[in-house]
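Structural description and commentary
In case you want the letters, here they are:
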Amino acid sequence: MTAAKRAAAVTKTQGSESSDDGTRRTEILMTAETLFATSGLRTSLQEIADAAGILPGSLYHHFDSKEAILVELMRRYHADLDRVAEAAVAGLDESDERSASDRIVELGTAIAECAVRNRAALQMSFFEGPSATTELTTLTQLRPVRLNDAMLQTLRAGRWSGYIRSDIDLPVLADRICQSMLHVGLDVIRHKATPARVATLLCRILLEGIASEPLGDAELDSSAAFAAVSEVVDSWAEVDVDASDKARHVRAAGRAVFGRRGYEATTARDIAAAAGMATGTVYRLIGSKDQLLASIMQEFGEKVGAGWIAALNSDSSVLEKLDALSWINIMALERFPDEFRIQLAWMRQSPPDTPNPGWSFAARVRQMKSMLTAGIRAGDISVESRSTEMLARCFIGVQWIPENILRQVGPRRALQLVRDTSLRGVVAR
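Residues numbered from 1 in each chain as written. Predicted model: local features only at pLDDT ≥ 70, side-chain atom pairs only at ≥ 80, totals over all residues. Heavy atoms only, no water.

A count of helices and strands for the chain gives 23 helices and zero strands. For the chain, buried positions account for 52% of its 429 residues. Long-range contacts, defined as pairs at least 24 residues apart, comprise 78% of the intrachain contacts of the chain with a sequence gap of at least 6. (Helix = DSSP H or I, 4+ residues; strand = E, 2+ residues; numbered from the N terminus. Buried < 20%, exposed > 50% of the residue type's maximum accessible area, 1.4 Å probe, protein only. Contact = heavy atoms within 4.5 Å.)

What follows is the structure, encoded as structure tokens:
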């Protein structure tokens, strides 16, 4: 029995024994999961009650708040992740003639399918914000330790078989692969494809890279595209905000407060206090808190977008341009962590199946499709994918290094990791 089938069997048995299928409580959870996955976390208890066909009072008999529903969904999500991890580790002890690559893809697929099953909880986990419920805050910040360990053991088996290079940091690689597979639960990556197809393609990119001929660091560092985006990064030097530009002053204050307190916990009064203005003045200058969030993200998108334009307009190969775009993403996260977290908060307001969240994502996908198509035609890119749309979304996904990994290894090593897991691959050639 494969690890994926074992995980599915365990999940089915566990669900029938502990979830009490058919009970009103389970029906409410299933209804809430569906609504959160299609309408976002702003879904109200009234909307959940209406969709479940019950009165709000009956809902309160089972859950006293929306946070209580989210806590239960988060518990189930982490239990599901642990079941996937257990099945994968158990499978490593069995006699199996499959390749190391197939084992990694199988585990990646199981993770991706788990993410899709738990889309509402996944959204909370990736785009978490402060909550009045301590348990919910703890659960949203909980790392999938057992899952990462299962992937690490699977990768170690791959190294022992000679499949993975000896110089690759396996714990970091395991974390990166797991996070990439979990992102499949958000339609920013998956869009209209099945979880298995997306997970398989992501694993191929992360393990083997897309470059027909791997490029060294020195060659990539000296490209015109890398020089162009480096100039953009240099232009991001801090500039004092002109106090006479009141709207910009409010945006700067809002950015700082959002980054410190989180979007949801921040009020217009907090922003006004930080800006040294009356609350009414803040409303007049920037409108609602949502409008302020949008304006901050537009400014952040323009900074990243300038790097994209510089790379695309450079006299470089497609692979060099793709590498330069990875560097602009790394440095954007390094220089603007508040904006990056605010971007996650903004995405959190939308349901997981929103395909184009912010910063002109649709335009980025079109540009990426064009570059990848050109690279494939030129013979510089070698990757199996029936859909350039899916390939473009997957590649955009792997170009963004997880923040915890960036903080752990630093920008330069993060760039080498992205190069290994997007362009040249981690496999021994």
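Now that the structure is up, let's keep going.
Moving on, we come to the pattern of salt bridges. In this structure the tally under the stated criterion is 27 salt bridges. Between Arg412 and Asp221 there is a salt bridge, and its shortest N-O distance comes to 2.5 Å. Linking Arg412 in helix 23 (residues 411-424) with Asp221 in helix 12 (residues 217-221), this pair joins segments that are 191 residues apart in sequence. Look at Arg412 and you get partly exposed, because its relative accessible area is 35%. (Salt bridge = Lys/Arg side-chain N within 4 Å of Asp/Glu carboxyl O.)

Given a rise of 1.5 Å per residue, 24 residues ought to cover 34 Å, and the 34 Å separating the end C-alpha atoms of helix 17 (residues 289-312) matches this to within 8%. Along helix 17, the positions that sit buried rather than exposed are Leu292, Leu293, Ile296, Met297, Phe300, Gly301, Val304, Gly305, Gly307, Trp308, Ala310 and Ala311. (Expected span 1.5 Å × (residues − 1).)

What follows covers the packing of helix 6 (residues 100-117) against helix 11 (residues 195-208). At their nearest, the axes of helix 6 and helix 11 sit 8 Å apart, and the two run at 135 degrees to each other. Considering the angle they form, helix 6 stands oblique to helix 11. Remark: the crossing between helix 6 and helix 11 carries right-handed chirality. When helix 6 is examined against helix 11, the residues Ser101, Asp102, Ile104, Val105, Gly108, Thr109, Ala112, Glu113 and Val116 are found in contact with a partner set consisting of Pro195, Ala196, Ala199, Thr200, Cys203, Arg204, Leu207 and Glu208. Considering only residue class, the contact of helix 6 with helix 11 consists of nine nonpolar, four polar and four charged. (Axes fitted to C-alpha atoms, helices over the stretch in contact; angles between N-to-C directions. Parallel < 35°, antiparallel > 145°, perpendicular 65-115°, else oblique. Left-handed = near helix turned anticlockwise from the far one by under 90°. Nonpolar A, V, L, I, M, F, W, Y, C, P; charged D, E, K, R; others polar.)

Despite not being glycine, His191 has its phi angle at roughly 55 degrees, a positive value. As for its placement among the helices and strands, His191 is situated in the loop between helix 10 (170-182) and helix 11. By relative accessible area, His191 is classed as partly exposed at 23%.

Burial of helix 7 (residues 119-126) is extensive: eight of the eight residues sit out of reach of the surface. When we look at burial in helix 7, the residues that qualify are Arg119, Ala120, Ala121, Leu122, Gln123, Met124, Ser125 and Phe126.

What follows concerns the side chain of Lys321. Of note, Lys321 is situated in helix 18 (residues 318-335). For the buried Lys321, no salt bridge is present, and the opposite-charge side chain at shortest range is Asp315, 7.2 Å distant. Non-local contacts of Lys321, meaning those with residues more than four positions away in its chain, are made with Ala225, Ala311, Leu312, Ser314, Ser316 and Met371. (Lys, Arg positive; Asp, Glu negative; His and termini not counted.)

Let us look at the packing of aromatic side chains. Applying the stated criterion to the full structure yields three aromatic pairs. Consider the rings of Phe226 and Trp327, whose centres lie 5.6 Å apart with planes at 25 degrees: the pair is stacked. Here Phe226 is found in helix 13 (residues 224-234), whereas its partner Trp327 is found in helix 18, with 101 residues between them in sequence. Here the two residues Phe226 and Trp327 agree in accessibility, since each one is buried. (Phe/Tyr/Trp six-rings, centres within 6.5 Å; stacked < 30°, edge-to-face > 60°.)

Moving on: the state of the cysteines. Scanning the entire structure with this criterion turns up zero disulfides. With no disulfide of its own, Cys203 lies 9.7 Å from the sulfur of Cys178, the closest cysteine sulfur. (Disulfide = S-S within 2.5 Å.)

Right, let's talk about the environment of Val250 for a bit. Residue position: Val250 is located in helix 14 (residues 246-261). Residues Val250 and Met277, spaced 27 residues apart in sequence, show a C-alpha to C-alpha distance of 8.7 Å. Sequence-distant contacts of Val250, that is, excluding residues within four places in its chain, are made with Ile271, Ala275, Met277, Val282, Leu285, Ile286 and Leu292.

Inspection of the secondary structure puts Ser58 in helix 4 (residues 56-62). Sequence separation between Ser58 and Arg24 is 34 residues, and the spatial gap between their C-alpha atoms is 9.5 Å.

A word on the nonpolar core. Formed by 136 residues in total, the largest nonpolar core has its most connected members in Ile69, Leu322 and Met368. A total of eleven residues in this core trace back to one element, the largest contributor, which is helix 18. Ile69 has contacts with Ile28, Leu29, Ala32, Phe36, Leu45, Ile48, Leu59 and Phe63, leaving out every residue within four places of it along the chain. (Core = buried A, V, L, I, M, F, W, Y, C linked by side-chain atoms within 4.5 Å.)

This part is about the environment of Gly91. Mapped onto the elements, Gly91 comes out in helix 5 (residues 66-92). Looking at Gly91, the relative accessible area reads 7%, which means it is buried. For the pair Gly91 and Thr154, spaced 63 residues apart in sequence, the C-alpha to C-alpha distance is 9.6 Å.

Taken residue by residue, the chain gives an average pLDDT of 85. The fraction at 70 or more is 86%. At the level of individual helices and strands, the chain shows its lowest average pLDDT in helix 1 (residues 3-18), which scores 46, and its highest in helix 10, which scores 97. Low confidence marks residues 6-22, where pLDDT is under 50. Its contacts with residues over four positions away, or in another chain, come to 21 contacts. (pLDDT = per-residue confidence, 0-100.)

Note that Ser180 resides in helix 10. Those residues in contact with Ser180 that sit more than four places away from it in its chain are Leu202 and Leu206.

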